[in-house]
Every structure is written in structure tokens, then in C-alpha cells.
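Chain by chain, the residues:
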Amino acid sequence: EEEEHAALVNDIINGSVYGQLQPLPQATVMARPSSPMLDLGIRHMQGALALLPDERQQAYREALQKSPQVVELDTSLERYLVAFQFNYFQAAEKICDYWTERKDIFGNDRFAWPLRMEGPHT
């Protein structure tokens, strides 16, 4: 079983790095990955985040400093990793893009605030 797990992790890493993963058919449901696989994927994703150009990750890093809890809630590394089928480079880019867009919309002062709907129309 350990050999199968190691082979699966190797396939995920190599497929992700070299772009060999094929999209899953719409009807396919992914099982929740094992904890060691997620841990490895998150470590690789953190490495991918660090490799992105500074200007691309600036809003993400800023949000992490201002409100790490909001960053974790809104852009959990685990959720993005699974959503992008362990393509950690693509997941890292999308997280950074999300925070850049959010900063563009809400401005420097409020982009890292929690998104809540309050008032009579919620």
C-alpha cells in the first residue's frame, strides 16, 4: 500500500509539474485525498507560491499579514489544491489572482476584511 501511495504521489507531482494531468470528466467525483498526500501537496503549493513573481503575490502576502484568518477561510490551500487537481502551480496562481482582484475591487484598506452581507437586503 505504501508503494501504491508513493507511486500516486509521484504521478501527481510529475503530472502537475509537466502538465500531463488530464481534466476529470464532469461526472467524476474525487475522493478526499489522504492526509499525507494533502500535506505534501500543500508543501509543494507553498513552494509554488514562493516562486511566483513578487508583484503577482503582493496582494496575497499583504492579506496574510493583515488578516490570516480571512485568507485561510476564503482561500484555503487545501481547497484550491483539490479544486485544481493537485496542480499546485495553477492553484497558487489562482489564489494570488483572487487576492489581487479583491484588492482592486475593495481597495487597500478593506480588501482583507471578511466578506459579510448585512442589512435589510440580506
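Reference entry: report on the structure contained in this document. Values in this document were obtained by computation on a predicted structure and should not be read as measured data.

## A few points about the packing of aromatic side chains
- Here the structure, examined in full by the defined rule, presents four aromatic pairs.
- With a centroid separation of 6.2 Å and an interplanar angle of 25°, the aromatic rings of Y80 and F84 are classed as stacked.
- Accessibility expressed as a relative area gives 16% for Y80, which makes it buried.
- Judged by centre distance (5.2 Å) and plane angle (90°), the rings of Y98 and W99 are edge-to-face.
- Classification of Y98 as partly exposed rests on a relative accessible area of 27%.
- What links up through ring pairs into an aromatic cluster is the set Y98, W99 and F111.

## Here we look at the pattern of salt bridges
- Applying the stated criterion across every chain, the model contains five salt bridges.
- Taking the shortest distance from any N to any O, the salt bridge between E62 and K66 comes out at 3.9 Å. Remark: K66 and E62 occur in helix α3 (residues 54-66); sequence separation between them is four residues, near one turn of the helix.
- Taking relative accessible area as the criterion, E62 reaches 19% and is therefore assigned buried.
- Connected through salt bridges with shared partners, the residues R56, E93 and D97 form a single ionic network.

Conventions we followed
- Residues numbered from 1 in each chain as written.
- Predicted model: local features only at pLDDT ≥ 70, side-chain atom pairs only at ≥ 80, totals over all residues.
- Heavy atoms only, no water.
- Phe/Tyr/Trp six-rings, centres within 6.5 Å; stacked < 30°, edge-to-face > 60°.
- Buried < 20%, exposed > 50% of the residue type's maximum accessible area, 1.4 Å probe, protein only.
- Salt bridge = Lys/Arg side-chain N within 4 Å of Asp/Glu carboxyl O.
- Helix = DSSP H or I, 4+ residues; strand = E, 2+ residues; numbered from the N terminus.

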